[in-house]
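The residues making up each chain are set out below.
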Amino acid sequence: MKSYIVEAVSSFLFEYETPRQVLVRNRRVGIACRLIQLGVLGYIIGWVFIYEKGYQNEDTAIYSVFTKMKGVAYTQISGVEKVWDVSDYAFPDQGGDSFVVMTNFIITFGQTQSKCPELPDGKNNCNSDADCETGQIKRTGNGHMTGKCVNTTHTCEIVTWCPVEDDRQIPNPPCLLAAENFTLFIKNSITFPEFKVDRSNLVESVDASYIKRCLYHPATDPLCPIFKLGDIVRLSGFNFTEVARVGGSIGVLIDWECDLDYSIQNCKPKYKFHGLYGSGTTGQASVGYNFRKANYYVEDKVQKRTLMKVFGLRIEVIVHGLARKFDIIPTLTAIGSGVGIFGVATVVCDLMLLHLLPKRNLYKNMKFKYTEILDGEPDETRMTDHCEGNAPLFTQQCDA
């Protein structure tokens, strides 16, 4: 038993096993093998390393966005003059990465809580009091029905904020068409925590003097962080006059693609604009974007309000940041997986030799070596080696 253990340990420590190789001289198999290996090599170099940059580690950005609108508009509606500044047309307060710029509106002045008829718009018409059920609130209505049908309008009387807002006609052209010249300033800061890199869209070439005179243009000023609202709409694929009338939504994408194997100054943002929702096509339901805003006040001890239906552009500033840098671990992983894929050539060529070629039986005898255990001799083996017949098709490498 002791000698058996010593022999086993000795064999494990002092013996080396190497695979048996058979060199096959066949043009079709050789060409097929080289083509497959060439394809695998092209995949590893072209796709994995050059296109996918498999030798680099990746990290996504953590970011913050600060925005500021500037611009003044003048209107004269029903003989009333008014100047609109950023406090009047931007919702909510300045600073966030999502906000609305008002471009059109419908104002209802002096509303009070009282009784008045519904609008004669066809949805709330009545012919008698029986058509106005007391206490009912219609989904398309504006208030609580009193049970009375008003003969002058043929609509139900309701308890609500009176007079009822009339939004059947949207102003055209838009009231704040001057919003096309408003400007938007975007300040974006990002960090890649994996690589300990901090960047801002106010890069090295964007200094104080440049900001004072620049305006974004994709060809001449691609790094300027100041954008004209009309340019944003146009670059997103919308027509400003059309989308300003009923409102819409636009995405401003700040794209950071940074290769940190090069100078950090090459890490710069790219601005892209996408029309997320606009005026739509003719006949499309619920086009545009709008909401209501009320200003409350007290007059003669009666609470009143001025109601505004606001149509505007909803701006969404979206940041996408991805940084890459060389790392030995993904490099070795990519190389290892590529070397493993080279085995595909061997599998395909073996299938051809074992099953497709006319002399496949001869190749089987050359490739496989059979061992037969004899009865009565458990510790000895008889090797049946089919290495005979030195056919010109094969060159065999066997142990002496």
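Residues numbered from 1 in each chain as written. Predicted model: local features only at pLDDT ≥ 70, side-chain atom pairs only at ≥ 80, totals over all residues. Heavy atoms only, no water.

Caption draft 1: Summary view of helix α8 (residues 343-355). Under the 1.5 Å per step criterion, the end-to-end length of α8 is 18 Å for 13 residues, consistent within 8% with the ideal 18 Å. By the burial criterion, the buried members of α8 are Ala 345, Cys 349, Asp 350, Met 352, Leu 353 and Leu 354. Its buried side turned inward, α8 meets β1 (21-24), α2 (27-51) and α9 (360-367). (Helix = DSSP H or I, 4+ residues; strand = E, 2+ residues; numbered from the N terminus. Expected span 1.5 Å × (residues − 1). Buried < 20%, exposed > 50% of the residue type's maximum accessible area, 1.4 Å probe, protein only. Contact = heavy atoms within 4.5 Å.)

Caption draft 2: Highlighting the environment of Phe 238. Secondary-structure assignment places Phe 238 in the loop between α5 (229-235) and α6 (240-246). For Phe 238 and Ile 250, which are 12 residues apart along the polypeptide, the C-alpha to C-alpha distance reads 9.2 Å.

Caption draft 3: Fine view of a nonpolar patch on the surface. A grouping of Met 1, Tyr 4, Ile 5, Val 9, Phe 12, Leu 13 and Phe 14 is seen on the molecular surface, where their side chains present a nonpolar patch of about 920 Å² in accessible area. Relative accessible area serves as the criterion here: at 66%, Phe 14 is assigned to the exposed category. (Patch = residues over 30% accessible without salt bridge, like charges linked within 9 Å, V, L, I, M, F, W, Y side chains within 5 Å. Areas by Shrake-Rupley, 256 points an atom, 1.4 Å probe, with all protein chains shown as cover. Salt bridge = Lys/Arg side-chain N within 4 Å of Asp/Glu carboxyl O.)

Caption draft 4: Broad picture of the state of the cysteines. With the rule as written, the count across this model stands at five disulfides. The connectivity of the disulfide-linked cysteines in the protein chain, indexed sequentially, is 1-6, 2-4, 3-5, 7-8, 9-10. Here Cys 33 stays free of any disulfide, with the sulfur of Cys 349 as its closest cysteine sulfur at 4.2 Å. Looking at Cys 33, the relative accessible area reads 15%, which means it is buried. (Disulfide = S-S within 2.5 Å.)

Caption draft 5: Quick look at the confidence of the model for the protein chain. Residues at a pLDDT of 70 or more form 89% of the protein chain, whose mean pLDDT is 85. A low-confidence stretch, residues 379-400 (pLDDT under 50), is modelled with 38 contacts involving residues beyond four sequence positions or located in other chains. (pLDDT = per-residue confidence, 0-100.)

Caption draft 6: Structural detail: the side chain of Thr 331. By the secondary structure assignment, Thr 331 is in helix α7 (residues 328-341). Apart from the residues within four sequence positions on either side, Thr 331 is in contact with Phe 49, Gly 54, Tyr 55 and Phe 326.

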